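The primary structure of each chain is shown beneath.
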Amino acid sequence: MDDTAEGAVDGVTVTDPATMRRAVAAAAVGNITEWFDFGVYGYLATTIEAEFFPPGPLSQVAVFATFAIAFFFRPLGGLFFGPLGDRIGRTKVLSITVILMALGTFLIGLIPSYASIGLAAPILLVAARVLQGFSTGGEYAGAMTFIAEYAPDRRRGYFGSFLELGTFVGYALGATIASVLPLVLSAESMSSWGWRIPFFVALPLGIVGVYLRVKLEETPAFQTLLSESEEREGTQVKDGLKLIFTKYLPTFVMVGGVVVTWNVTNYMLTSYMPTYLETTVDQHGGTSIDSTTSSWLQIAVLWLAVFIIPLLGRLSDRTGRKPIMWVGAGGLIVLGIPMILLMQDGSVPAVFLGLLVMGLLLICFSATGPSTLPALFPTQIRYGGLSIAFNIFVSAFAGTVSLVMSALVLSTGDLLWPGYYLIAAGVIGVVTLLFLPETANRPLRDSQPSAGSVDEAREIAATMHAAR
């Protein structure tokens, strides 16, 4: 057996490096598709408000409510697709979710305006968001599972970080296109048809994602599960759900703690900050900056994150995941208020520094979460447990950030509410980290060790034999 062959050496799974690269690309493209939509929606929120909702003081809240409604359907998607992925396989389910996500985004670009069809416009927008939310419920956790089960133990942090690299590329790409279009199109063209272009781009992205995924075999961990199953299928749905909410309930809660800290910060930066900087600050006594400057500052932070995330992922393979997460959680508590105060200053350097601090704290979780969370569940319920936990906690506490922040700032006039919220997220992260096991350089739970080459597999096997 050579160094590039797939198989096993003395009980250690060996993954072909070329296959590993294809697996990472297949998972990341789906995430790019998902977050491309979020980027477009966030940066075109003002246009969407004008296109789909009647004018009035609550129209901004309606836009964010429509954004948030997709998150109420994510748990349903997780409940449906997650256990299904544990039963019939990861690649089949992930091929379905990526095309459904792309289709939901594409359909938004086809919906006529409120001026044309009245209340049918926001109703159809909500329907498209529901489709996006339902499919996303099975997408992200499945992609985490997919990469984690392919990755060698010693490089899982590095390869897992590419999933979040896809998140930031997708969001930055969507934000960049949404910001460039008004510069090359007239205001009339932009409001009549130009805003639809970014939504149409999602469909070819989804087709590429499906193509990459159907070309891959099932993950080594799932194939091992199948080989041990008399039915030649994975875990039955009812059995998986029972295990998740009984034996693995503490793990479920631990995953939720990480998800809340990570994604409250995520959605604060990517979904709420555009509106906060451009309009909310000015409306409540602060100094806002113009929308173009705000957009480009945030895009700059996102593209910086793209380059830093893999470096942190690689670092986590050496130092462990938890030290990096400690920096993120502790930083939110200490810097939550200062970074928000910087964003109220109105000057470009202050706003950029505030956004940069928030972005750096976010990627402490983005670079480590995709390799940490899948390692907490065993193969038989990994997709299902992760999908259900991730989506329940994201929907309840993270996807509603823009809606909750808009309502709280509007009702109280206090511009520091984002800082308070980030501090609370940091506290949840600190408490969770006290109980979270370190997963770096260890096999996935209840799985055999994995390596990226035969030589590495032999080294791991020799260490295992010596330990006995």
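Right above here is the structure, for reference.
Residues numbered from 1 in each chain as written. Predicted model: local features only at pLDDT ≥ 70, side-chain atom pairs only at ≥ 80, totals over all residues. Heavy atoms only, no water.

Observations concerning the pattern of salt bridges
And step 1. Scanning the model with the defined rule gives eight salt bridges in all.
And step 2. The salt bridge partner of glutamate 149 is arginine 382, with a shortest N-O separation of 2.7 Å. Of this pair, glutamate 149 sits in helix H6 (residues 120–150) while arginine 382 is found in helix H17 (residues 382–398), placing the two residues 233 residues apart along the sequence.
And step 3. Each of the salt bridges in this network shares a partner with another, and the network as a whole consists of Asp86, Arg90, Glu149 and Arg382. (Salt bridge = Lys/Arg side-chain N within 4 Å of Asp/Glu carboxyl O. Helix = DSSP H or I, 4+ residues; strand = E, 2+ residues; numbered from the N terminus.)

So, the layout of surface pockets
And step 1. Taken as a whole, the largest pocket spans an internal volume of roughly 550 Å³.
And step 2. Looking at the largest pocket, it is lined by 26 residues, and the ones nearest its centre are Tyr43, Thr46, Thr47, Glu278 and Ser291.
And step 3. Elements that contribute at least two residues to the lining of the largest pocket include exactly helix H1 (17–43), helix H2 (45–52), helix H3 (59–88), helix H7 (156–184), helix H8 (187–192), helix H12 (249–283) and helix H13 (291–319).
And step 4. Here the residues of the lining of the largest pocket sort into twelve nonpolar, twelve polar and two charged.
And step 5. The computed volume of the second largest pocket comes to approximately 260 Å³. (1 Å grid on protein atoms, 1.4 Å probe; cavity = no way out; pocket = protein on both sides within 12 Å on 5 of 7 lines; lining within 4 Å. Points joined across faces, edges and corners; volume = space filled by probe spheres on them. Nonpolar A, V, L, I, M, F, W, Y, C, P; charged D, E, K, R; others polar.)

Some points on the packing of H12 against helix H15 (residues 348–366)
And step 1. As a packed pair, H12 and H15 sit with axes 8 Å apart at the nearest point and diverge in direction by 155°. Between H12 and H15, the interaxial angle falls into the category roughly antiparallel. Classified by chirality, the crossing of H15 by H12 is left-handed. Here Thr261, Trp262, Thr265, Asn266, Met268, Leu269, Met273 and Leu277 of H12 come into contact with H15, specifically with Val351, Leu355, Met358, Gly359, Leu362, Phe365 and Ser366. (Axes fitted to C-alpha atoms, helices over the stretch in contact; angles between N-to-C directions. Parallel < 35°, antiparallel > 145°, perpendicular 65-115°, else oblique. Left-handed = near helix turned anticlockwise from the far one by under 90°. Contact = heavy atoms within 4.5 Å.)

Quick word on the nonpolar core
And step 1. Formed by 119 residues in total, the largest nonpolar core has its most connected members in Tyr267, Met273, Tyr276, Ile340, Leu355, Met358 and Leu373.
And step 2. Ranked by residues supplied to this core, first place goes to H12 with 16 residues.
And step 3. If sequence neighbours within four positions are ignored, isoleucine 340 has contacts with Met273, Tyr276, Met358, Leu415, Leu416, Pro418, Gly419 and Leu422. (Core = buried A, V, L, I, M, F, W, Y, C linked by side-chain atoms within 4.5 Å. Buried < 20%, exposed > 50% of the residue type's maximum accessible area, 1.4 Å probe, protein only.)

Topic: the packing of aromatic side chains
And step 1. Counted by the stated rule, this structure contains 17 aromatic pairs.
And step 2. Plain terms: the ring middles of phenylalanine 106 and phenylalanine 200 are 5.3 Å apart, the flat faces sit at 50° to each other, and that makes the pair tilted. Taken as a pair, phenylalanine 106 in helix H4 (residues 90–108) and phenylalanine 200 in helix H9 (residues 197–214) lie far apart in primary sequence, 94 residues in all.
And step 3. Taking 5.9 Å as the distance between ring centres and 55° as the angle between the ring planes, the aromatic pair formed by phenylalanine 252 and phenylalanine 393 counts as tilted. Here phenylalanine 252, found in helix H12, pairs with phenylalanine 393, found in helix H17; they are 141 residues apart in sequence, far enough to count as distant.
And step 4. On the accessibility criterion, phenylalanine 393 (17% relative accessible area) is buried.
And step 5. Grouped by ring-pair contacts, the aromatic residues Phe245, Phe252, Phe393 and Phe397 constitute a single cluster. (Phe/Tyr/Trp six-rings, centres within 6.5 Å; stacked < 30°, edge-to-face > 60°.)

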